[in-house]
Every structure is written in C-alpha cells, then in structure tokens.
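# Observations on the model geometry
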Amino acid sequence: MQGVPQPRREEVLNLPRVHISRHPVVAHKMTALRDRRTPPTEFYRLVKEIGALLAYEATAHLSLEPVEVETPLQKTVGQRLAGGIGITPILRAGLGLAEGFREVIPDAQVWHLGLRRDERTLQAQEYYNRLPSTVNLQVCYAVDPMLATGGSAIDAISILKQRHIPRICYVGIIAAPYGLLRLSQVHPDIDIYIAALDESLNDYGFILPGLGDAGDRQFGTF
Ligand code: PRP
C-alpha cells in the first residue's frame, strides 16, 4: 500500500448502504477482540458472538410470508422467512463469523468459498469453491472479518453475483476506509454491515489499529 492514497475515515462514514454497528455490546466485545493478549479460543468465541449480533442487524429487513400454525388452543397465522438464506464464509477467517450467523439462522445454507490474499501483491486468489449450482435464496451473506484492500470481498461478491441471487450482503467485523470505499464503488447494489470502521492500512495492507490477522488469531497459526 506504499504510496497509494487512502481516503480518511470521515470521508467514508456516510456511504450509502453501509451500516456500521452502534450496538454497545458489539463495541464492548470489539475491545477484547483487538487485545493482543486474547488467546485463540477466546478470540474465536468473540468472533462468533459478534457474528451473531451482526446477523441480528443484517437480517432485520428479510422478507416474510404468512403460514398457518396450530397452537395447543387454535389455528392462527404466523410468519416464516420467504426463501432460503445463504451464508458464504470467505475461508478461512470467515468461518467463525459464519458460525455466529448459524446461531441466529440455523437452517441457512453454507456456501464455502476459499480466497487467499497474496501477501506480496495483495491480490485475492480463489482456491476453493463449494457454491451449489441451483439457487433458491432470498439473500446470501458473504462473511469475512477483515475488509482491508477490499480485493477478497469484491471478488467474493462477483462470484456470488454469477449465481443470480436476488440480494447479496457483505458482513465484516473491521473495515479500512480504502477497502470499504472500493467495495461500495465496485458493488454499489449490496448492503455492507460492519462492526467497526478503522483508520487506515499500513504498507503491508494490514488494517490499523485493527486486530492483526483474524485467520491466524482464530486458528492459532502464528
Ligand atoms: C484476510 C482476511 C480477508 C482478506 C482481507 O484473509 O480474512 O479475507 O485477507 O484482505 P483484502 O481486503 O485486502 O482482500 P487471508 O488472505 O489472510 O486468508 P485467511 O482467511 O486464510 O487468513
């Protein structure tokens, strides 16, 4: 990222379709997540918990359809989600977030997608793809804790768009202004949910202040 101009945080705070969590419990958990002393087991648990809270926020506008239900006393009309829900964890750091989502929507389909960022070029490379060929979803959530240069998220959304899903959302934990701006410029038709917007990227494409490498910290591969 050396020499690449980056937008300031204030410049991307009010982008359309970008939702930055204001939930105090999310803010509280974020502090423990950032702490360098937080061990992998605790870190993974926090990613899952923040994932569940973000899932609650990101699913607030899902469509419902009426359905008849029989209580122990009488029949009535309830509601159920109209159409399936998909979760695409971007491997591997997205796995903890996806687990958090599944606690909120246990019957969601999970479509694994492996993208690895080349640490020299910062370009994302696809190495695994288990997206089904038939789609019956109302929405698919691409989940990945870190939105740094935005390359991985942009590629993941482009791959999902080839499946003609009616609605696609991106859900992350921490975003850098540079990646957030790029993602919303390349894919202006998706909603983006994040827990925190940080300050910048360093020369190596790491988010500052950030939390380090979310994949390594979840899985203990330092
Ligand atoms: C990290 C992170 C994102 C990506 C973000 O994954 O989890 O997927 O980099 O960077 P970008 O916005 O610049 O593309 P990484 O490639 O390190 O793989 P991992 O999940 O296996 O740790």
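Our structure is the block above this text.
Presented here is an overview of the structure given in this document. No experiment lies behind these values; they were computed from the predicted model shown.

This brings us to the site of the ligand. Surveying the vicinity of the ligand reveals 15 residues, the closest of which are Arg117, Asp144, Thr149, Gly150 and Ser152. Contacts to the ligand include Asp144, whose side-chain N or O atom sits 2.4 Å from an oxygen atom. Between an oxygen atom of the ligand and a main-chain N or O atom of Gly150, the distance comes to 2.8 Å. A total of 500 Å² of accessible area belongs to the ligand in isolation, and the protein chains cover 92% of it. One can see that the ligand is located within the largest pocket. Mapped onto the shell around the ligand, the elements with two or more residues apiece are strand 6 (113-117), strand 9 (146-147) and helix 4 (151-161). Here the shell around the ligand is built from residues that sort into 5 nonpolar, 5 polar and 5 charged.

What follows concerns the layout of surface pockets. Rolled over the atoms, a probe sized like a water molecule indicates the empty space that remains. Put simply, the largest pocket is a space of about 560 Å³. Taken together, 26 residues form the lining of the largest pocket, with Ala93, Arg117, Met146, Ser152 and Asp213 sitting closest to its centre. Looking at the lining of the largest pocket, the elements with two or more residues in it are strand 4 (84-91), strand 6, strand 9, helix 4 and helix 6 (214-219). When grouped by side-chain class, the residues that make up the lining of the largest pocket number 12 nonpolar, 7 polar and 7 charged.

Let us now look at the environment of Ser21. Assignment of secondary structure puts Ser21 in the loop between strand 1 (18-20) and helix 1 (24-34). Setting aside its immediate chain neighbours within four residues, Ser21 contacts Val26, Leu54, Glu57, Ile194 and Ala195. Polar side-chain contacts of Ser21 include one of 3.1 Å to the backbone nitrogen of His23. One polar contact links Ser21 to Glu57, side chain to side chain, over a distance of 2.9 Å.

Between helix 2 (residues 40-58) and helix 3 (residues 94-104), the shortest axis-to-axis distance is 7 Å and the interhelical angle comes to 50°. Taken as axis vectors, helix 2 and helix 3 run oblique relative to one another. Considering the relative orientation of helix 2 and helix 3, their crossing is right-handed. Listed contacts from helix 3 to Tyr44, Val47, Lys48, Gly51, Ala52, Leu54, Ala55 and Ala58 of helix 2 are Leu95, Gly96, Leu97, Glu99, Gly100, Phe101, Glu103 and Val104. Along the lines of polarity and charge, the residues of the contact of helix 2 with helix 3 split into 10 nonpolar, 3 polar and 3 charged.

One way to put it is that helix 1 packs onto helix 2 with a least axis distance of 10 Å and a crossing angle of 155°. As far as their axial angle goes, helix 2 and helix 1 are roughly antiparallel. The interaxial crossing formed by helix 1 with helix 2 has left-handed handedness. The segment helix 1 lies against helix 2, with Val25, Val26, Lys29, Met30, Ala32 and Leu33 engaging Phe43, Leu46, Val47, Glu49, Ile50, Leu53 and Glu57. Class assignment of the residues belonging to the contact of helix 1 with helix 2 gives a composition of 10 nonpolar, no polar and 3 charged.

The rules behind these values
- Residues numbered from 1 in each chain as written.
- Predicted model: local features only at pLDDT ≥ 70, side-chain atom pairs only at ≥ 80, totals over all residues.
- Heavy atoms only, no water.
- Near = heavy atom within 4 Å.
- Polar contact = N/O pair within 3.5 Å; in protein donor to acceptor, adjacent residues only side chain to side chain.
- Areas by Shrake-Rupley, 256 points an atom, 1.4 Å probe, with all protein chains shown as cover.
- 1 Å grid on protein atoms, 1.4 Å probe; cavity = no way out; pocket = protein on both sides within 12 Å on 5 of 7 lines; lining within 4 Å.
- Sits in = over half its atoms within 2 Å of the grid points.
- Helix = DSSP H or I, 4+ residues; strand = E, 2+ residues; numbered from the N terminus.
- Nonpolar A, V, L, I, M, F, W, Y, C, P; charged D, E, K, R; others polar.
- Points joined across faces, edges and corners; volume = space filled by probe spheres on them.
- Contact = heavy atoms within 4.5 Å.
- Axes fitted to C-alpha atoms, helices over the stretch in contact; angles between N-to-C directions.
- Parallel < 35°, antiparallel > 145°, perpendicular 65-115°, else oblique.
- Left-handed = near helix turned anticlockwise from the far one by under 90°.

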